[in-house]
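Structure assessment
Listed below are the residues making up each chain.
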Amino acid sequence: NTDDHALAQLNRQAFLETYVDNFRIPISQDDIDAHFRNTMTAEVFSQKIADPQQAIWVVEDTTNHRLAGFLNAGPCFLPHSDVCPGADGEIDRIY
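Calculation criteria
Residues numbered from 1 in each chain as written. Predicted model: local features only at pLDDT ≥ 70, side-chain atom pairs only at ≥ 80, totals over all residues. Heavy atoms only, no water. Salt bridge = Lys/Arg side-chain N within 4 Å of Asp/Glu carboxyl O. Helix = DSSP H or I, 4+ residues; strand = E, 2+ residues; numbered from the N terminus. Buried < 20%, exposed > 50% of the residue type's maximum accessible area, 1.4 Å probe, protein only. Pairing = 2+ DSSP bridges. Axes fitted to C-alpha atoms, helices over the stretch in contact; angles between N-to-C directions. Expected span 1.5 Å × (residues − 1). Contact = heavy atoms within 4.5 Å.

Things to note about the pattern of salt bridges
In total, this model carries 1 salt bridge according to the counting rule given. With a closest N to O distance of 3.3 Å, Asp92 and Lys48 form a salt bridge. Linking Asp92 in strand β3 (residues 89-94) with Lys48 in helix α3 (residues 42-50), this pair joins segments that are 44 residues apart in sequence. Residue Lys48 is classed as buried on the basis of its relative accessible area of 14%.

Remarks on the pairing of strand β1 (residues 55-61)
Note that β1 and strand β2 (residues 66-75) share 7 bridges and pair antiparallel. What sits directly across from Asp61, in β2, is Arg66. Linking β1 back to β2 in an antiparallel pair, the connection comprises 4 residues, with His65 at a positive phi of about 60°.

Examining the sheet that holds β1
The strand order β1-β2-β3 describes an open sheet built from 3 strands, whose pairing is antiparallel. Looking along the sheet, the strands with just one partner apiece sit at the ends: β1 and β3. Each neighbouring strand pair of the sheet contributes to a mean axis angle of 20°, computed without reference to strand direction.

Points about helix α1 (residues 2-22)
The end-to-end C-alpha distance of α1, which contains 21 residues, comes to 28 Å, matching closely the 30 Å that a straight helix rising 1.5 Å per residue would cover. Regarding α1, the residues found buried are Asp4, Leu7, Ala8, Leu10, Asn11, Ala14 and Phe15. Tucked into the core, α1 has its buried residues touching α2 (29-39), α3, β1, β2 and β3. Downstream of α1 by a residue or two, Arg24 has a phi angle that is positive, lying close to 55°.

Listed below in structure tokens is the structure:
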């Protein structure tokens, strides 16, 4: 599926721009590679797209038909006493 590959690529690019380039957080290349393998693969996005409890909205640049941004929302997994599992949701990623 081209959507899951495009989302994975955009997520990796946005992560690097945000945390490494802009915030200058010192993250080793090994840690970045592991994070990408575990959370930012096409397979991960394919599962999110197929999951009825998840939603992904995309922003497309109409000049080149490429993804320019996305938002992923789904169940809330925050470890907080006010969270009601199964009822509360959260924005997981917004780039």
